[in-house]
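Now for the letters of each chain:
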Amino acid sequence: MSSGHDQQRLRPEDRANLVAYIDGELTEAESRNLSTKLTHSPTARREVDLLKKTWDALDKLERPQVSEQFHDRTLTYIRSLEVKKATRFAPLAAPAAAILKLAACVLLAGAAGVGGYLAACNLWPDPDARVIRDLTLAEHLDEYLEVGGFEMLDALKNSPDFGTNRASVP
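Residues numbered from 1 in each chain as written. Predicted model: local features only at pLDDT ≥ 70, side-chain atom pairs only at ≥ 80, totals over all residues. Heavy atoms only, no water.

**Quick look at the pattern of salt bridges**
The tally for this structure, following the rule as stated, stands at three salt bridges. Here Arg11 and Glu13 are joined by a salt bridge, their closest N and O atoms 3.2 Å apart. Arg11 gets classed as partly exposed once you look at its relative accessible area, which sits at 40%. With a closest N to O distance of 3.2 Å, Arg32 and Glu28 form a salt bridge. (Salt bridge = Lys/Arg side-chain N within 4 Å of Asp/Glu carboxyl O. Buried < 20%, exposed > 50% of the residue type's maximum accessible area, 1.4 Å probe, protein only.)

**As for the nonpolar core**
Looking at soluble globular proteins, one finds that nonpolar side chains tend to be buried together. Among the nonpolar cores identified, the biggest contains eight residues, and these are Leu10, Leu18, Ala20, Leu26, Leu34, Leu38, Ala44 and Val48. Breaking this core down by element, the ones donating at least two residues are α2 (18-22), α3 (28-40) and α4 (42-60). (Core = buried A, V, L, I, M, F, W, Y, C linked by side-chain atoms within 4.5 Å. Helix = DSSP H or I, 4+ residues; strand = E, 2+ residues; numbered from the N terminus.)

**Structural notes on the confidence of the model for the protein**
Fine structural detail should not be taken from predicted coordinates in areas where pLDDT scores are low. Here the protein averages 80 in pLDDT, while 90% of its residues score no lower than 70. Counted against residues more than four places away or in other chains, residues 1-6, with its pLDDT under 50, gives seven contacts. (pLDDT = per-residue confidence, 0-100. Contact = heavy atoms within 4.5 Å.)

**Notes on the environment of Arg63**
Examined against the element boundaries, Arg63 turns out to sit in the loop between α4 and α5 (68-88). Along the chain, Arg63 and Val48 lie 15 residues apart, while their C-alpha atoms are 24 Å from each other. Polar side-chain contacts of Arg63 include one of 3.5 Å to the side chain of Asp59. (Polar contact = N/O pair within 3.5 Å; in protein donor to acceptor, adjacent residues only side chain to side chain.)

**Focus: α3**
The terminal C-alpha atoms of α3, which comprises 13 residues, lie 18 Å apart, in line with the 18 Å expected from a rise of 1.5 Å per residue. Burial in α3 covers these residues: Leu34, Lys37 and Leu38. Along the long axis of α3, the arc covered by the buried residues comes to 100 degrees, so they all point the same way. Along α3, exposed side chains directed more than 90 degrees from the buried face belong to Glu28 and Thr39. For α3, the elements touching its buried residues are α1 (12-16), α2 and α4. (Expected span 1.5 Å × (residues − 1). Arc of directions from axis to C-beta.)

**Topic: the packing of α3 against α4**
Relative orientation of the contacting elements α3 and α4 amounts to 110 degrees, with a least axis distance of 5 Å. On the basis of their axis angle, the class for α3 and α4 is roughly perpendicular. Mapping the contact onto sequence places Lys37, Leu38, Thr39 and His40 in α3 and Pro42, Ala44, Arg45 and Val48 in α4. (Axes fitted to C-alpha atoms, helices over the stretch in contact; angles between N-to-C directions. Parallel < 35°, antiparallel > 145°, perpendicular 65-115°, else oblique.)

Below, the structure is given as C-alpha cells:
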C-alpha cells in the first residue's frame, strides 16, 4: 500500500520548470525541491520520463532551415508591432497632459481660494463682536447717559449709603 505522498503529482509551476530542470537551468534550491518531489513520487518521475522521451523524439526530427531573410522579416515585424503599440496612445498623450495641468491649476486655485477665505474669516475683525461683547453696556446705555459723568458716581461712592465707609450691619 502506497501513501498519498508517493502518488504526488507535480504542480503546474513544477511542470513549467521541468524543461529547465532537465537542461540544468534551475537554481540550486529549485532543482533540489524538484528532485525531492521526483524522488518521492513515481507519478512525477513518469511525467519527467515522458518529457525526456518527447524531447529525444523531437531531436531526431529534421530541423527546417530558415533563411536570414525570414529572420530579419520576423524581427522587423515584431518591432513594428511594438512601435504600433507605443504610438497607439500617443495622440491621447497631449490632451491627457493638458487635462492634468488644467486639473492641477483648478486644484491649486481652489486651495488658494479656500485658504484666503479661511484667513479672512479668522484674521478680519468681526464688527459685531464688540457689540456682542459689550451688550450689557448697550442695553443700559440710556441709563448711563442720564447719569451724566463720573462726578455723580464719585458722589455715590463717597455717600454713607453706597460707599465703602459703611458700617457693618448686624
